[in-house]
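Here are the chains, one letter per residue:
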Amino acid sequence: MTSPPAAPVPTAPDAKTALGWMHTARFLTTAAQLHQLPAIAVPEIAFVGRSNAGKSTCINTLTQQRQLAFASKKPGRTQHINLFALGRQGEMDAVLADLPGYGYAAVSRDDKLRWQRVMLNYLMQRSSLTAIVLLCDPRLGLTELDEALLEAVRPRVEDGLKFLVLLTKADKLTRAEQARVLSITRLQAGGGEVRMFSALKRQGVDEVAQLLWQWAHPPVAATPPAPPGEPESEPDVP
Ligand SMILES: Nc1nc2c(ncn2[C@@H]2O[C@H](COP(=O)(O)OP(=O)(O)O)[C@@H](O)[C@H]2O)c(=O)[nH]1
Ligand SMILES: [Mg+2]
């Protein structure tokens, strides 16, 4: 029995290449509603999480740009989906989507519900969405809202959507605490990818940049060989 030719193995870029790629991030567009977002033909990676989880700091650290996603002074105020383009000028090869934090106490109940609806619709329906990074303060762990989000996207994850839980502010925990919260969160995330991250200590920065690069550049699947006896169909030539 002959096996089909193996698909090319994705080569992980070195950290410098991955971070250089992240650094190309620039503002693309913003939208308050799902239908206002442009159709995108490249992989889109969404960053989500509770207000104050460290999302803006994480995006700014990964892209090495202080002001890209403002570390907001008024969490929950800007309820917009912001898109950032990645790739060299004229060669956009991926998009980062920054979603507003949820769970901020000072927002009215109606605003909270409206936003949760927009976010869930986005996560469940956005066709260019290929990966989600869920940021979480490890001192709080995954909260009810985080779990609801995990549940909502589970069918898409089972369909191949990539998912990473990023435990932020690792510098606030001892090594032992980090190990403990990692194993608990791994159980909660149902075997999904979970990593520690610290913007302050630059822990996990290289690894996350490399992972995102790999997600945005999946190997091109090898064309399966034609079954024996069936000649490859040729396009009709008049
Ligand atoms: N010690 C520490 N603090 C952090 C880290 N990342 C974010 N923070 C702090 O956590 C707070 C919330 O961060 P921010 O990025 O604005 O959170 P966002 O609301 O999720 O965008 C700010 O006071 C940050 O300085 C980190 O890696 N280490
Ligand atoms: Mg923020």
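Think of each chain on its own: its residues are numbered from 1, step by step along the sequence as written. For this description, chains carry letters from A and ligands carry numbers from 1, given in the order in which they are written. Where totals are concerned, whole chains, interfaces and linings use all residues; where local detail is concerned, this predicted model gives features only for residues with pLDDT of at least 70, and gives and counts side-chain atom pairs only at 80 or more.

Going by an unreviewed UniProt entry, the protein carries the name Probable GTP-binding protein EngB and comes from Melaminivora suipulveris. Under the Function (unreviewed entry) heading, UniProt states for the protein: "Necessary for normal cell division and for the maintenance of normal septation." Under the UniProt heading Sequence similarities (unreviewed entry), the entry covering the protein gives this text: "Belongs to the TRAFAC class TrmE-Era-EngA-EngB-Septin-like GTPase superfamily. EngB GTPase family." UniProt positions are given in the numbering used here, feature names are shortened, and annotations may be inferred rather than shown by experiment.

Q: Summarise the sheet that holds strand E2 (residues 44–49); cite the residues concerned and give the values.
A: The sheet built from 7 strands is open, its strands ordered E1-E3-E4-E2-E5-E6-E7 with mixed pairing. Sheet topology places strand E1 (26–31) and strand E7 (193–196) at the edges, where each strand pairs with a single neighbour. Neighbour-to-neighbour, the strand axes of the sheet open up by a mean angle of 25°, direction not taken into account. Note: E1 against strand E3 (residues 81–86), 5 bridges, orientation antiparallel. Paired with Arg 26 across the two strands is Ala 85, which belongs to E3. Strands were regarded as paired on the criterion that DSSP finds at least two bridges between them. The helix count covers DSSP runs of H or I at least four residues long, the strand count covers runs of E at least two residues long, and both are numbered beginning at the N terminus. Lines are fitted to the C-alpha atoms to define the axes, a helix being fitted only along its stretch in contact, and any angle between axes, read from their N-to-C directions, falls within 0 to 180 degrees.

Q: An account of the packing of helix H3 (residues 109–125) against helix H4 (residues 144–158) is requested, with residue identities and associated values reported.
A: Between H3 and H4, the shortest axis-to-axis distance is 9 Å and the interhelical angle comes to 20°. Between H3 and H4, the angle falls in the class roughly parallel. Both H3 and H4 take part in a crossing whose hand is right-handed. On the side of H3, the interface is formed by Leu 120, Leu 123 and Met 124, while H4 contributes Leu 149, Ala 152, Val 153 and Arg 156. All amino acids are sorted into three groups, where Ala, Val, Leu, Ile, Met, Phe, Trp, Tyr, Cys and Pro are nonpolar, Asp, Glu, Lys and Arg are charged, and the leftover types, Gly among them, are polar. Of the residues that constitute the contact of H3 with H4, the class distribution is 6 nonpolar, no polar and 1 charged. With respect to orientation, any angle under 35 degrees is reported as roughly parallel, any angle over 145 as roughly antiparallel, any angle of 65 to 115 as roughly perpendicular, and every other angle as oblique. Definitions for this section: a left-handed crossing has its near helix turned counterclockwise from the far helix by less than a right angle. A right-handed crossing has that turn clockwise. A pair of residues counts as a contact when their C-beta atoms, built from backbone coordinates, are separated by no more than 7 Å.

Q: Can you explain the site of ligand 1? Please cite residues and give values.
A: Being near a molecule or strand means, for a residue, that its backbone-placed C-beta atom lies within 6 Å of it. Taken together, 19 residues are adjacent to ligand 1, and Gly 54, Lys 55, Ser 56, Thr 57 and Ala 199 come closest. Here the element with the most residues in the shell around ligand 1 is helix H2 (residues 55–63); it accounts for 3 residues. Tallied by class, the residues present in the shell around ligand 1 amount to 5 nonpolar, 10 polar and 4 charged.

Q: Account for the environment of Arg 126, with residues named and values stated.
A: Tracing the sequence through the fold places Arg 126 in the loop between H3 and strand E5 (129–136). Counts of 20 or more other C-beta atoms within 10 Å of a residue's own C-beta define buried residues, counts of 12 or fewer define exposed ones, and intermediate counts define partly exposed ones; C-beta atoms are placed from the backbone. According to the C-beta neighbour criterion, Arg 126 is partly exposed, with 18 such atoms within 10 Å. Taking C-alpha positions, Arg 126 is 9.1 Å from Glu 44, a pair spaced 82 residues apart along the chain.

Q: Break down the packing of helix H1 (residues 15–22) against helix H6 (residues 205–216) for me, citing the residues and quoting the values.
A: Where H1 contacts H6, the axes come no closer than 8 Å and their chain directions differ by 75°. Between H1 and H6, the angle falls in the class roughly perpendicular. Residue-level inspection shows Ala 15, Ala 18, Leu 19, Trp 21 and Met 22 of H1 in contact with H6, the latter providing Asp 206, Ala 209, Gln 210 and Trp 213. Each residue belonging to the contact of H1 with H6 can be placed in one class, and the counts come to 7 nonpolar, 1 polar and 1 charged.

Q: Which residues make up the pairing of E7, and what values do they have?
A: With burial as the criterion, only one face of E7 is covered, namely that bearing Val 194 and Met 196; the residues Glu 193 and Arg 195 on the opposite face remain uncovered. Direction of pairing for strand E6 (residues 162–167) relative to E7: parallel, over a ladder of 4 bridges. Paired with Leu 164 across the strands is Glu 193, a residue of E7.

Q: Break down the nonpolar core for me, with residues and values.
A: The tendency in soluble globular proteins is for nonpolar side chains to be buried side by side. What we call a nonpolar core is a set of buried Ala, Val, Leu, Ile, Met, Phe, Trp, Tyr and Cys residues whose membership is set by joining through C-beta atoms within 7 Å. Counting residues in each nonpolar core, the largest one holds 56 residues, and the members touching the most others are Ile 45, Ala 46, Phe 47, Leu 96, Ala 97, Leu 134 and Leu 166. Beyond its immediate sequence surroundings of up to four residues, Leu 96 is in contact with Ala 25, Ile 45, Phe 47, Ile 59, Phe 84 and Leu 86.

Q: Tell me about unusual backbone geometry, and name the residues and values.
A: If you check the backbone angles, Asn 52 has positive phi at about 80° while not being a glycine. Its location among the elements puts Asn 52 in the loop between E2 and H2. Positive phi is not limited to glycine here, since Lys 169 has a value of about 50°. Among the residues examined, Lys 169 registers 23 C-beta atoms within 10 Å and is labelled buried.

Q: Describe H3, naming the residues involved and giving the relevant values.
A: Given a helix with a known number of residues, its expected span is that number minus one, times 1.5 Å. A rise of 1.5 Å per residue sets the reference length of H3, with its 17 residues, at 24 Å; its end C-alpha atoms lie 24 Å apart and thus fit the reference within 8%. Along H3, the positions that sit buried rather than exposed are Trp 115, Met 119, Tyr 122 and Leu 123. Each buried residue of H3 sits inside an arc of 90° when the element is viewed along its axis, so together they form one side. Exposed side chains of H3 directed beyond 90 degrees from the buried face belong to Arg 109, Asp 110, Leu 113, Arg 117 and Gln 125. On the buried face of H3, the contacting elements are E2, E3, E5 and H4. Starting at the helix axis, one direction is taken to each C-beta atom, and the arc is that of these directions.

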